[in-house]
Amino acid sequence: MSDIGFSFAGITSQSKNIIVVDVKRPIMPTVSPRSSQIAGKPGVYYSGFDYEPLKIKLDIAIISSTLRTDQRSIADWLKPTTTPQPLIFDDETDKTYYAVVSGDTDIKQILTYGSGTITFLCPEPFAYSAEVSQNLNTNNVVTRLGSAPALPSFTAVFSAAASEYKILHADTGKFVRVIKNFAAGDTLLIECKVARVALNGIVIMTALDLA
């Protein structure tokens, strides 16, 4: 039997009288290769891959003298909303999945004991860690510990005048550069996730250079 509890949408499984019997967390999302057949060529042409949504299955038990009441409370807690909700397991509290309940949630009942399976679907099939902020000076290096692609935000406060600001990926040589006449005290914000560049709160996308 598993001793792992979890929280979903900020509410713990323990508060709902749920005991997690077994957890099935894949070590990685299902991989779907992209391929196409070419006439006269053995096999297929491989053109990359896609990650499918992540499914996490929990076998649960509920022990309660008010089992039917608890089931209704659990149903109200787990019902889908317009956006995926944070899912955190007690054995990995520094990681967060964003999930919705998927499929059937039948509960088998014997007197005050109920059992069933909850399936969580994570549209973005990765676990997120807490946000990490680093203060950097000139020529400092940011080290990322995750294994999935990340879309960070950068905030630069200029201590002197400059004609450009550049962020370089040390391994690939790709970069993000903003070409502008900066003055001391200017604040530059680069938000990779939403593809937005702002100087002192004003969007300046025309100054962006990518490679």
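Up top is the structure these notes are about.
What comes next concerns the included structure. (Residues numbered from 1 in each chain as written. Predicted model: local features only at pLDDT ≥ 70, side-chain atom pairs only at ≥ 80, totals over all residues. Heavy atoms only, no water.)

What about the layout of surface pockets?
Part 1: Put simply, the second largest pocket is a space of about 190 Å³.
Part 2: What lines the second largest pocket is a set of 13 residues, among which Q71, I74, A75, L78 and T105 lie closest to the centre.
Part 3: Of all the secondary-structure elements, those providing two or more residues to the lining of the second largest pocket are helix 1 (67-78) and strand 10 (113-122).
Part 4: Looking at which element gives the most residues to the lining of the second largest pocket, the answer is helix 1, with five residues.
Part 5: Of the residues belonging to the lining of the second largest pocket, the class tally is eight nonpolar, three polar and two charged. (1 Å grid on protein atoms, 1.4 Å probe; cavity = no way out; pocket = protein on both sides within 12 Å on 5 of 7 lines; lining within 4 Å. Points joined across faces, edges and corners; volume = space filled by probe spheres on them. Helix = DSSP H or I, 4+ residues; strand = E, 2+ residues; numbered from the N terminus. Nonpolar A, V, L, I, M, F, W, Y, C, P; charged D, E, K, R; others polar.)

Quick word on the sheet that holds strand 15 (residues 187-191)
Part 1: Reading across the sheet, the four strands line up as 12-15-16-17 and stay open at both edges, with antiparallel pairing between neighbours. The sheet terminates laterally at strand 12 (153-157) and strand 17 (202-203), the two strands that pair on one side only.
Part 2: As judged from the two bridges shared by strand 16 (residues 196-199) and strand 17, these two strands associate in the antiparallel manner. The residue bridging A198 from the neighbouring strand is V203, located in strand 17. (Pairing = 2+ DSSP bridges.)

Remarks on the side chain of D186
Part 1: By the element assignment, D186 lies in the loop between strand 14 (175-182) and strand 15.
Part 2: In this structure, D186 is buried with no salt-bridge partner, the nearest side chain bearing the opposite charge being K180 at 8.8 Å.
Part 3: Of the polar contacts made by the side chain of D186, one reaches the backbone nitrogen of A183; its length is 2.8 Å.
Part 4: Among the polar contacts made by the side chain of D186, one reaches the side chain of N200 at a distance of 3.0 Å.
Part 5: When near neighbours in sequence (up to four residues on either side) are disregarded, D186 contacts A156, V157, F158, N181, L199 and N200. (Buried < 20%, exposed > 50% of the residue type's maximum accessible area, 1.4 Å probe, protein only. Lys, Arg positive; Asp, Glu negative; His and termini not counted. Salt bridge = Lys/Arg side-chain N within 4 Å of Asp/Glu carboxyl O. Polar contact = N/O pair within 3.5 Å; in protein donor to acceptor, adjacent residues only side chain to side chain. Contact = heavy atoms within 4.5 Å.)

Overview of the packing of aromatic side chains
Part 1: Enumeration according to the criterion identifies 11 aromatic pairs in this entry.
Part 2: Ring geometry for F158 and Y165: centres 5.9 Å apart, planes at 75°, overall edge-to-face.
Part 3: Assessed through its relative accessible area of 23%, Y165 is described here as partly exposed.
Part 4: When the centroid spacing of 4.3 Å and the interplanar angle of 10° are considered together, the rings of F158 and F182 count as stacked. One end of the pair, F158, is in the loop between strand 12 and strand 13 (162-168); the other, F182, is in strand 14, with 24 residues separating them in the sequence. (Phe/Tyr/Trp six-rings, centres within 6.5 Å; stacked < 30°, edge-to-face > 60°.)

Quick look at the pattern of salt bridges
Part 1: Tallied over the full model, the rule gives nine salt bridges.
Part 2: For R25, the salt bridge is made with D91, and the minimal N-O distance between the two is 2.9 Å. Within this pair, whereas R25 is found in the loop between strand 3 (18-24) and strand 4 (31-36), its partner D91 is found in the loop between strand 7 (85-89) and strand 8 (95-102), the two being separated by 66 residues in sequence.
Part 3: Of the residues examined, D91 reaches a relative accessible area of 46% and is grouped as partly exposed.

Overview of the environment of A156
Part 1: Looking at the secondary structure, you find A156 in strand 12.
Part 2: A residue is classified by how much of its surface remains accessible, and A156, at 9% relative accessible area, is buried.
Part 3: For A156, the contacting residues outside a window of four places in its chain are Y165, D186, T187 and L188.

Considering the environment of V101
Part 1: By secondary structure assignment, the location of V101 is in strand 8.
Part 2: The class of V101 is buried, set by a relative accessible area of 15%.
Part 3: As a C-alpha pair, V101 and K79 span 22 residues in sequence and 7.1 Å in three-dimensional space.
Part 4: With residues up to four places along the chain from it excluded, the contact list for V101 reads L78, P80, I118, T119 and F120.

A closer look at the nonpolar core
Part 1: Formed by 22 residues in total, the largest nonpolar core has its most connected members in F6, I56, L87 and F120.
Part 2: The leading source of residues in this core is strand 6 (residues 54-63), at five residues.
Part 3: Not counting the four nearest positions on each side in its chain, F120 is found in contact with F6, F8, L54, K55, I56, L58, L78, L87, A99, V100 and V101.
Part 4: By size, the runner-up hydrophobic cluster in this structure holds 10 residues, among which are F158, V178, L188 and L199. (Core = buried A, V, L, I, M, F, W, Y, C linked by side-chain atoms within 4.5 Å.)

A short note on the environment of P123
Part 1: Tracing the backbone shows P123 in the loop between strand 10 and strand 11 (128-129).
Part 2: Sequence spacing of P123 and Y97 is 26 residues, and the spatial spacing of their C-alpha atoms is 9.5 Å.
Part 3: Contact partners of P123, with chain neighbours within four places excluded, come to P53, P84 and Y98.

Note that every value here comes from positions in space, so none of it alone points to a role or purpose.
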